[in-house]
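What the coordinates show
Here is what each chain is made of, one letter per residue.
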2 protein chains.
Amino acid sequence: MAFKSLPANPVVAVAGATGAVGREMLLVLEQLEFPAAEVRALASERSAGKTVPFKPAPGGELTVKAMTPESFEGVDIALFAAGADVSIELREAVVAAGAVMIDNSSAFRMESGVPLVVPEVNPDDAFEHQGVIANPNCSTIQMVAALAPLNKIAPIKRVVVSTYQAASGAGAAAMDELYNQSRDFLDDKPLAVEHFAHQIAFNCIPHIDVFMDDAYTKEEWKMVVETKKIMHAPALELAVNCVRVPVLRCHAEMINVEFASELSVADARAALEAAPGIVVMDDPAAKSYPMPGLLAGSDPVYVGRLRQDTSVPHGLAFWNVADQIRKGAALNAVQIAQLLLSR
Amino acid sequence: MAFKSLPANPVVAVAGATGAVGREMLLVLEQLEFPAAEVRALASERSAGKTVPFKPAPGGELTVKAMTPESFEGVDIALFAAGADVSIELREAVVAAGAVMIDNSSAFRMESGVPLVVPEVNPDDAFEHQGVIANPNCSTIQMVAALAPLNKIAPIKRVVVSTYQAASGAGAAAMDELYNQSRDFLDDKPLAVEHFAHQIAFNCIPHIDVFMDDAYTKEEWKMVVETKKIMHAPALELAVNCVRVPVLRCHAEMINVEFASELSVADARAALEAAPGIVVMDDPAAKSYPMPGLLAGSDPVYVGRLRQDTSVPHGLAFWNVADQIRKGAALNAVQIAQLLLSR
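Only a predicted model underlies this, so the values are computations on that prediction, with no experimental measurement involved.

On the chain B side, the residues contacting the 59 residues of chain A number 59 residues. Summed over the shared surface of chain A and chain B, the number is eight salt bridges. Among the salt bridges present, the one from R183 of chain B reaches D187 of chain A, with a minimum N-O distance of 3.0 Å. For the pair chain A and chain B, the interface holds 32 residue pairs in polar contact (both at pLDDT 80 or more). Counting only elements with at least two residues in the side of chain A that touches chain B, the list comes to β9 (156-164), α5 (172-186), β10 (237-241), β11 (250-259), β13 (301-309) and β14 (315-323) of chain A. In terms of residues, the side of chain A that touches chain B owes the most to one element, α5 of chain A, which gives six residues.

In this section: the relation of the copies chain A and chain B. Taken as rigid bodies, chain A and chain B are interconverted by a rotation of 180° and an axial shift of 0.0 Å, the fit giving an RMSD of 0.0 Å. The two molecules are tied by a two-fold rotation axis, judged by turn and shift. Both copies contact each other with a shared surface, as 100% of the interface residues of chain A are interface residues in chain B too.

Our focus in this paragraph is the sheet that holds strand β8 (residues 132-134) of chain B. All names here are of chain B. Taken in spatial order, the six strands line up as β5-β2-β1-β6-β7-β8 in an open sheet, and their pairing is parallel. Among the strands making up the open sheet, the edge pair consists of β5 (65-66) and β8. Note that strand β7 (residues 100-103) and β8 share three bridges and pair parallel. Bridge pairing in β8 links D103 to A134. Strands in contact with helix α2 (residues 84-96) are β6 (77-80), β7 and β8; relative to β6, the strand with the most contacts, it is inclined by about 180°.

The next thing to look at is the sheet that holds strand β11 (residues 250-259) of chain B. Residues and elements named next belong to chain B. In spatial order, the strands read β10-β9-β11-β14-β13-β12; together these six strands make up an open sheet with mixed pairing. Strands with a single pairing partner mark the edges of an open sheet, and in this sheet they are β10 (237-241) and β12 (278-280). Adjacent strand axes in the sheet meet at a mean angle of 25° when their direction is disregarded.

Right, let's talk about the nonpolar core for a bit. The biggest cluster of nonpolar side chains holds 103 residues, and the ones touching the most others in it are L29 and L79 of chain A together with L29 and L79 of chain B. Not counting residues within four places of it along the chain, the set of residues in contact with L79 of chain A comprises V12, A13, V14, A15, M25, L29, I102, A333 and V334 of chain A. Membership of the second largest hydrophobic core comes to 55 residues, among which are V75, L116, A134 and F259 of chain A.

Next up on the list: a nonpolar patch on the surface. Together, M110, M212 and W221 of chain A make up a nonpolar patch on the protein surface, roughly 250 Å² of accessible area in all. For M212 of chain A, the position within the fold is in the loop between α5 and α6 (218-230).

Our next topic: the confidence of the model for chain A. Chain-level pLDDT for chain A is 97 on average; 99% of the residues reach the 70-or-more range. Prediction confidence for the complex, expressed as pTM and ipTM, is 0.97 and 0.97 respectively.

The full count for this structure, using the stated rule, is 34 salt bridges over all chains. Across the pair E220 of chain A and R307 of chain B runs a salt bridge whose closest N-O atoms are separated by 3.6 Å. Of this pair, E220 of chain A sits in helix α6 while R307 of chain B sits in strand β13 (residues 301-309), each in a different chain. Neither residue differs from the other here; E220 of chain A and R307 of chain B are each classed as buried. With a closest N to O distance of 3.0 Å, R109 of chain B and E226 of chain B form a salt bridge. Highlighted residues: R109 of chain B in the loop between β7 and α3 (123-126) and E226 of chain B in helix α6 (residues 218-230), separated in sequence by 117 residues. R109 of chain B sits in the buried class, given a relative accessible area of 5%. Each of E24, R249, D299, D323 and R326 of chain A takes part in a single network of salt bridges with overlapping partners.

Reading the values: the criteria
Within each chain, residue numbers correspond to sequence positions counted from 1 in written order. Each chain gets a letter, beginning with A, and each ligand a number, beginning with 1, in the order they are written. Selection of residues for local features in this predicted model requires a pLDDT of at least 70, selection of side-chain atom pairs for listing and counting requires 80 or more, and totals for whole chains, interfaces and linings are taken over all residues. Calculated side-chain values reflect all of the structure's heavy atoms, with hydrogen atoms and water omitted. Any two residues whose heavy atoms approach within 4.5 Å are treated as being in contact. Here, a salt bridge means any side-chain nitrogen of Lys or Arg that lies within 4 Å of a carboxyl oxygen of Asp or Glu. Each polar contact in these results corresponds to two N or O atoms within 3.5 Å; when the atoms are within protein, one needs to be able to donate a hydrogen and the other to accept it, and residues that are neighboring in sequence are counted only if both atoms are side-chain atoms. Counting from the N terminus, the helices are DSSP H or I runs at least four residues long and the strands are E runs at least two residues long. Here the copies are matched by least squares. The fit uses the C-alpha atoms of residues with pLDDT of at least 70 in both. Strand pairing requires that DSSP identify at least two bridges connecting the strands. Helix axes use the C-alpha atoms of the stretch in contact, all axes being lines fitted to C-alpha atoms, and the angles between their N-to-C directions lie in the range 0 to 180 degrees. Think of a nonpolar core as a cluster: buried Ala, Val, Leu, Ile, Met, Phe, Trp, Tyr and Cys residues, connected wherever their side-chain atoms sit within 4.5 Å. Note on exposure labels: buried denotes an accessible area under 20% of the residue type's maximum, exposed denotes more than 50%, and partly exposed covers the range between, all computed with a 1.4 Å probe on protein chains only. Patches here are clusters of residues that have more than 30% relative accessible area and form no salt bridge, with a 9 Å joining cutoff for like charges and a 5 Å cutoff for nonpolar side chains (Val, Leu, Ile, Met, Phe, Trp, Tyr). Here the Shrake-Rupley method, with its probe set to 1.4 Å, supplies the accessible areas, and only the displayed protein chains count as covering residues. Confidence scores labelled pLDDT are given residue by residue by the predictor and lie between 0 and 100.

Structure (structure tokens):
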């Protein structure tokens with residue numbers, strides 16, 4: 001299917017509007033003054049009739065409607081944040097209605113013909129869609145956003161990354177679990193464990209998503225295959241280690257990169273400073289570096305602790321932080337929609 | 001100075017007996033039934049007269065005495081956990097008294113003639129001392145304990161490590177700060193920041209100890225130089241990234257190792273399982289892996305998430321956890337003392 005151009009003022013549906021990412025999608029549409037002719041808040045039958053905040057709407061809120069295949073008639077852009085099962089179930093109806101589905105789930109990311117897009121990194125891919133564009137995994141987005149500007153000036157051979165991922169990646173109820181467990185821990189009460197495999201309060205869990213046959217987690221696998229797809233770099237080598245930490249909503253990543261040719265810290269810094277969506281926050285003398293507990297609600301991918309990695313030829317190390325719900329999910333999805341409108 | 005053999009029942013002094021590590025040293029002496037003829041609890045003038053728990057003592061406690069150069073007369077083994085300045089100030093008096101100083105501070109670790117010892121890794125080094133033996137940095141100890149058994153069967157070329165370090169590394173008051181900040185955060189009150197550079201509750205701080213000229217922290221530098229010294233491996237390449245996380249007292253580390261020759265996961269696992277002081281906790285299907293929030297007070301270095309790192313020839317990745325106050329400090333120091341008694 002060839003790329004169909006969208007109206008200047010599209011009808012937008014948010015599927016999963018009551019979840020952490022869906023609510024943030026509405027907030028981002030509002031904050032970016034997205035030129036929607038209409039915004040529909042859709043969710044499961046259970047949530048129908050609830051209201052969700054959305055400023056341009058009369059009264060500052062939208063009434064949530066139960067999502068059915070018919071909900072997408074007249075819709076131009078459908079932002080999906082309702083989980084993989086719902087995306088799979090409704091894909092045909094959305095595409096048949098002539099809408100572009102921008103899907104935050106992992107359902108279609110590795111499907112050939114489905115672009116996987118970070119607008120700052122591979123914008124052209126978005127226009128090759130056949131009705132569905134996938135939003136990458138949160139931890140992938142913030143890594144490729146920082147790797148891509150460096151890869152342009154010195155090709156990357158290998159990446160070793162260890163993540164420090166927030167509770168928000170597991171949803172709003174998981175964030176509540178971190179809150180509640182922390183309070184119960186301090187009050188010396190028994191902790192209720194539901195959304196994570198183990199206690200997350202005052203703990204680190206080296207296990208995100210399910211385990212695969214090779215002893216890697218699916219989260220680690222996602223970061224490998226998604227990064228290669230987004231960066232058009234099938235030969236890029238990646239060693240990925242994912243860990244959940246007791247932080248509410250920003251992910252952090254410690255990244256060691258091996259380049260094929262020399263890249264100085266100064267040149268890397270200049271490339272990152274010039275890159276869209278990146279903010280370099282890196283002044284050790286002033287104790288300035290990005291921190292996940294202090295950057296919730298922000299849009300950029302922050303980079304700090306930039307230094308040479310002399311343990312390997314042409315090595316560089318850095319640390320990044322981004323809000324998992326914003327750049328890692330809702331913001332990136334809305335930016336894909338903006339990108340589609342821009343051409 | 002040649003090695004002087006110790007009496008079977010030595011007189012032991014604990015310098016800094018009221019701090020987190022000093023108290024734990026007394027507890028470890030008690031738990032390991034260390035055959036001391038006498039144990040002296042020493043601390044600053046400020047703490048003199050306080051009592052500290054120690055079971056073999058009458059009444060189950062020792063009265064703390066103010067530490068002076070004369071405190072070490074008749075002492076055979078002086079366990080120091082009072083900070084680098086105190087160790088430097090009293091070194092001469094301790095050695096002149098004929099005692100062996102086992103020092104937990106960073107003051108003498110890289111000094112030639114001062115063995116830096118992890119008993120499971122380089123026991124022979126301990127017997128080359130000239131009055132002072134240094135206890136390595138906590139994050140170094142748990143890493144070399146896991147690397148050494150692997151290095152015996154396949155030489156290690158390069159290590160990339162990212163740490164997840166607990167509040168305890170900054171002392172007992174820093175642990176209290178994590179507690180208090182967490183409560184204030186949950187109660188929506190302003191947070192008091194004193195022992196860390198920034199808020200630690202619900203945050204990660206990529207900054208431990210001071211920054212050096214090359215943009216690395218001193219903690220990162222310590223892990224590089226101490227590992228090379230302990231493992232007698234000056235050519236070993238290390239890329240080290242240290243991060244403080246909101247966990248109370250166990251450190252965790254994610255480690256990617258590149259070997260000079262093939263090493264299967266099965267062989268690595270067998271070597272680790274056979275290694276003293278190591279417990280392999282690695283059953284993904286049962287969601288079993290070591291976690292820092294759940295292993296406080298334990299002695300071993302736990303290893304899990306063992307898997308191949310296919311991003312490099314002969315690569316392996318794993319995760320380790322150890323109690324920073326025990327194996328990372330007090331336990332390792334007392335084990336050095338045990339080692340000295342054993343020959």
